[in-house]
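Each chain, written out:
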Amino acid sequence: MEPGGCDAGPTVKAVAAVLPAGGSGERLGGATPKQFCTVQGRPLVSYTVRAVERVSWISDIIVVVSPENIETMKSIIEKYGHKRVTVTEGGITRHRSIFNGLKLFSENKFSNHLLQKPEVVVIHDAVRPFVEEDILLKVVMAAKEHGAAGAIRPLVSTVIASAADGCLDHSLERTKYRASEMPQAFLFDIIYQAYQQCTDYDLDYGTECLHLALKYCKTNAKLVEGTADLWKVTYKRDLYAAESIIKDSLSQQICIITDVKEAVVQVGFLLHESLRSQIKVETISISLSKRDNHLQNIFSGQCYNFVCINVHLNTSENASFSIDLEELTKMKKFAREVKRKNILVYGLLIQYKDYFPLQETVNSAAALTMALIKDRNPELTGQLVVA
Ligand SMILES: Nc1ccn([C@@H]2O[C@H](COP(=O)(O)OP(=O)(O)OP(=O)(O)O)[C@@H](O)[C@H]2O)c(=O)n1
Ligand SMILES: O=P(O)(O)OC[C@@H](O)[C@@H](O)[C@@H](O)CO
């Protein structure tokens, strides 16, 4: 190792991630720190953890939270079945939190929990939930080669400097500058040694990990163009935007489940045809007896929207329109039970007679189905909508 410099091994074996989640979210406002604010019934931090744990080559995920939120974070990990996640205490600043996360790999306090020291460590803000494997791989590969790497984005506003009198001193040519985003990645020894050498001023007022690698380890990070969805949830508007993006991601696919009876299969086919121009549709016809265990397999997939079609045929000519109240009660009860898992169930009654062609009714049912999927209003669960 050069004096005052940093030395890192020539090869890279394992990758880990540190997600700083120890802030108070002052700029967003409210009593709940933004990383624990729920979006579609799920804490924001859980979306980020899920995005990172989907990347199989990231061996350990360290979530760094303030001491009072340790138990909250552990309950989120348990409730949403997160794997490979270790929770540790944050510090009073983001840099101190990140440093605490890195310490788990070097000063292993968990003697019974062998955390393998990674060759490359990813650092990613826990309030940036829309991170994909592609950008993670790019920054890790770049960090292997250059020692450090970080995602960047074009500036949206021009950077200016104000003079002492509060007037414009000068502005920077926007095309020459970029916004530093996350994820970032580092050869572990480089970023760890940078933090070890950090002044208190840097730890307390710094905002840029790439700067620490340069200042303390003379490592010029490779800058990697990132995608627009790497933004950080900072203000309330960002939470609304995150909710909208998550709702949109949940409404990309639907699975229509019908019984094998011909009349039911026909309605399912018509609904499939009416929906397929708006959403990816899968239709499954299974006999009612086999439906339940088959559903378990379907539910474990990536589809979040299901339409189960039953058909009651009124055979008498002048049958008055009646609803099976027992079935309605069962549906409401089921809807209440699964709502706790953030599964929203709506009843949709498709009623038709000769004078009201089935196709028109099915088109109306398709429009209602799309509205319910996109709106995902929990207040409508268990309610019966009539097409
Ligand atoms: N002491 C701190 C401060 C921040 N963070 C984390 O660093 C990330 C980015 O920081 P920022 O957006 O500034 O979060 P907050 O500090 O919570 O926001 P604010 O400045 O509005 O209070 C967040 O995931 C935040 O939880 C952290 O781990 N420890
Ligand atoms: O400065 P904040 O604490 O709001 O955010 C921390 C980082 O995400 C931010 O500084 C990026 O530019 C990455 O370095």
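Residues numbered from 1 in each chain as written. Chains lettered and ligands numbered in written order. Predicted model: local features only at pLDDT ≥ 70, side-chain atom pairs only at ≥ 80, totals over all residues. Heavy atoms only, no water.

Caption draft 1: Here's a closer look at the overall build of the protein chain. Along the protein chain, the regular secondary structure elements total 12 helices and 16 strands. Residues classed as buried in the protein chain amount to 44% of the 387 residues present. Carbon and sulfur atoms make up 52% of the accessible area of the protein chain, which totals about 21,100 Å². (Helix = DSSP H or I, 4+ residues; strand = E, 2+ residues; numbered from the N terminus. Buried < 20%, exposed > 50% of the residue type's maximum accessible area, 1.4 Å probe, protein only. Areas by Shrake-Rupley, 256 points an atom, 1.4 Å probe, with all protein chains shown as cover.)

Caption draft 2: Region of the structure containing the domain arrangement of the protein chain. What the domain assignment reports for the protein chain is domain 1 (15–247) and domain 2 (251–386). Opposite the five residues of domain 1 that make contact, domain 2 presents seven residues. For the domain 1 face of the interface with domain 2, the top three residues by lost area are Gln40, Arg54 and Lys247, together amounting to 82%. The tally of links between domain 1 and domain 2 comes to zero salt bridges. The interface formed by domain 1 and domain 2 contains three residue pairs in polar contact (both at pLDDT 80 or more). The residue makeup of the side of domain 1 that touches domain 2, split by class, is no nonpolar, two polar and three charged. (Domains from an automatic or database assignment. Contact = heavy atoms within 4.5 Å. Buried area = accessible area lost by both parts, 1.4 Å probe. Salt bridge = Lys/Arg side-chain N within 4 Å of Asp/Glu carboxyl O. Polar contact = N/O pair within 3.5 Å; in protein donor to acceptor, adjacent residues only side chain to side chain. Nonpolar A, V, L, I, M, F, W, Y, C, P; charged D, E, K, R; others polar.)

Caption draft 3: Representation of the site of ligand 1 within the structure. Inspection of the region around ligand 1 gives 19 residues, with Gly22, Gly25, Arg27, Ser97 and Lys232 positioned closest. Gly23 places a main-chain nitrogen or oxygen 3.0 Å from an oxygen atom of ligand 1. The fraction of the free accessible surface of ligand 1 (570 Å²) that becomes covered by protein chains is 88%. Among the cavities detected, the one that contains ligand 1 is the second largest pocket. The class makeup of the residues in the shell around ligand 1 is five nonpolar, eight polar and six charged. (Near = heavy atom within 4 Å. 1 Å grid on protein atoms, 1.4 Å probe; cavity = no way out; pocket = protein on both sides within 12 Å on 5 of 7 lines; lining within 4 Å. Sits in = over half its atoms within 2 Å of the grid points.)

Caption draft 4: Region of interest: the pattern of salt bridges. Scanning all chains against the criterion turns up 15 salt bridges. With its nearest N and O atoms 2.8 Å apart, the salt bridge here joins Asp125 to Arg128. The residue Arg128 makes a salt bridge to Glu181 at a minimum N-O spacing of 2.6 Å. Linking Arg128 in the loop between strand 6 (120–123) and helix 4 (133–146) with Glu181 in strand 10 (residues 178–187), this pair joins segments that are 53 residues apart in sequence. Overall, the relative accessible area of 6% leaves Arg128 in the buried class. Among the ionic contacts, a cluster of salt bridges with common partners joins Arg94, Asp125, Arg128 and Glu181.

Caption draft 5: Here's a closer look at the side chain of Gln35. Take Gln35: it is sitting in the loop between strand 1 (15–20) and strand 2 (38–39). The class of Gln35 is buried, set by a relative accessible area of 2%. Aside from chain neighbours lying at most four places away, what touches Gln35 is Ala21, Gly22, Gly23, Pro43, Leu44, Val45 and Val127.

Caption draft 6: Spatial organisation of the sheet that holds strand 4 (residues 58–65). Spatially, seven strands are ordered 5-4-1-6-10-7-11 in an open sheet, and the strand pairing comes out mixed. In the strand order of this sheet, the two ends are held by strand 5 (85–89) and strand 11 (222–225), each with one partner. When the angles between neighbouring strand axes are averaged without regard to direction, this sheet yields 25°. Where strand 1 and strand 6 come together, four bridges link them in parallel fashion. Residue pairing for strand 6: Ala16 is matched across the bridge by Val121. Seen against the sheet, helix 1 (residues 44–53) touches strand 1, strand 4 and strand 5 and runs at an angle of roughly 160° to strand 4. (Pairing = 2+ DSSP bridges. Axes fitted to C-alpha atoms, helices over the stretch in contact; angles between N-to-C directions.)

Caption draft 7: Quick peek at the packing of aromatic side chains. Taken as a whole, this structure holds six aromatic pairs when the rule is applied. When the ring of Phe130 is compared with that of Trp231, the centres are 5.7 Å apart and the planes differ by 50°; the resulting orientation is tilted. On the criterion of sequence distance, the pair formed by Phe130 in the loop between strand 6 and helix 4 and Trp231 in the loop between strand 11 and helix 8 (236–250) is long-range, its members being 101 residues apart. In this structure, Phe130 and Trp231 share a single accessibility class: buried. With a centroid separation of 5.4 Å and an interplanar angle of 15°, the aromatic rings of Phe188 and Tyr192 are classed as stacked. Of the two residues, Phe188 and Tyr192 are both situated in helix 5 (residues 188–197); the distance of four residues between them amounts to about one turn of the helix. Residue class for Tyr192 comes out buried when judged on its relative accessible area of 6%. (Phe/Tyr/Trp six-rings, centres within 6.5 Å; stacked < 30°, edge-to-face > 60°.)

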